[in-house]
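Chain and residue survey
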Amino acid sequence: MNEEENTHGYSEDKLAFLRRLKRAEGQVRGIARMIEEDKYCIDVLTQMAAVNKALHAVSIGLLEDHIAHCVVGAANESQTTGNPEIVAEKVTEATAAISRLLRS
C-alpha cells in the first residue's frame, strides 16, 4: 500500500483534529498571558492540564485511525501478497508511537 496513492487514516477526522488543535493553540496563548499577568499557579496548571488532555485526545484519535486504516490495510495487503513484513512494519510503527505517547 503506497501512502502517496492513498489518503491517510485520519482524513475523515481531519477537521475535528484541526479544530481541537486550534483550540489547544488558543489555550497555550492564554496560558502564556496568564503567566505574563502573574495569575495563580494552580489556575495556570489547570489550564496546562486542559491543553495536555486536548493533545492527548488528538494523539489517541490519530493512533486509532492509524491502526484502523494503515495497520488493517497492511494486514490485508500482507495476506494478499503473502509478505508478512508489510504488516510487521506498520505494527512496529504503531508500537513505537504508543511508546512515545507513554513517555510523554
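It should be noted that the structure appears before, not after, this text.
Read on for an overview of the structure. (Residues numbered from 1 in each chain as written. Predicted model: local features only at pLDDT ≥ 70, side-chain atom pairs only at ≥ 80, totals over all residues. Heavy atoms only, no water.)

This part covers the pattern of salt bridges. Within the structure shown, the criterion is met by three salt bridges. For the salt bridge of glutamate 25 with arginine 29, the shortest nitrogen-to-oxygen distance reads 3.4 Å. Within this pair, glutamate 25 and its partner arginine 29 are both found in helix α1 (residues 14-36), separated by four residues, close to a single helical turn. Arginine 29 gets classed as partly exposed once you look at its relative accessible area, which sits at 49%. Note that lysine 39 is salt-bridged to glutamate 37, the shortest N-O span being 3.8 Å. Overall, lysine 39 belongs to the partly exposed group, its relative accessible area being 44%. (Salt bridge = Lys/Arg side-chain N within 4 Å of Asp/Glu carboxyl O. Helix = DSSP H or I, 4+ residues; strand = E, 2+ residues; numbered from the N terminus. Buried < 20%, exposed > 50% of the residue type's maximum accessible area, 1.4 Å probe, protein only.)

Moving on: the layout of surface pockets. Gaps left between atoms show up when a probe the size of a water molecule is rolled over them. By volume, the largest pocket amounts to about 180 Å³. If you trace the largest pocket, you find it lined by Ser59, Leu62, Leu63, His66, Glu93, Ala94, Ala97, Arg100 and Leu101. Going through the elements one at a time, α2 (41-81) and α3 (84-103) are the ones with two or more residues in the lining of the largest pocket. Among the elements that make up the lining of the largest pocket, the one with the highest residue count is α3 (five residues). Considering only residue class, the lining of the largest pocket consists of five nonpolar, two polar and two charged. (1 Å grid on protein atoms, 1.4 Å probe; cavity = no way out; pocket = protein on both sides within 12 Å on 5 of 7 lines; lining within 4 Å. Points joined across faces, edges and corners; volume = space filled by probe spheres on them. Nonpolar A, V, L, I, M, F, W, Y, C, P; charged D, E, K, R; others polar.)

So far we have only geometry, and geometry alone does not tell us how the molecule works.
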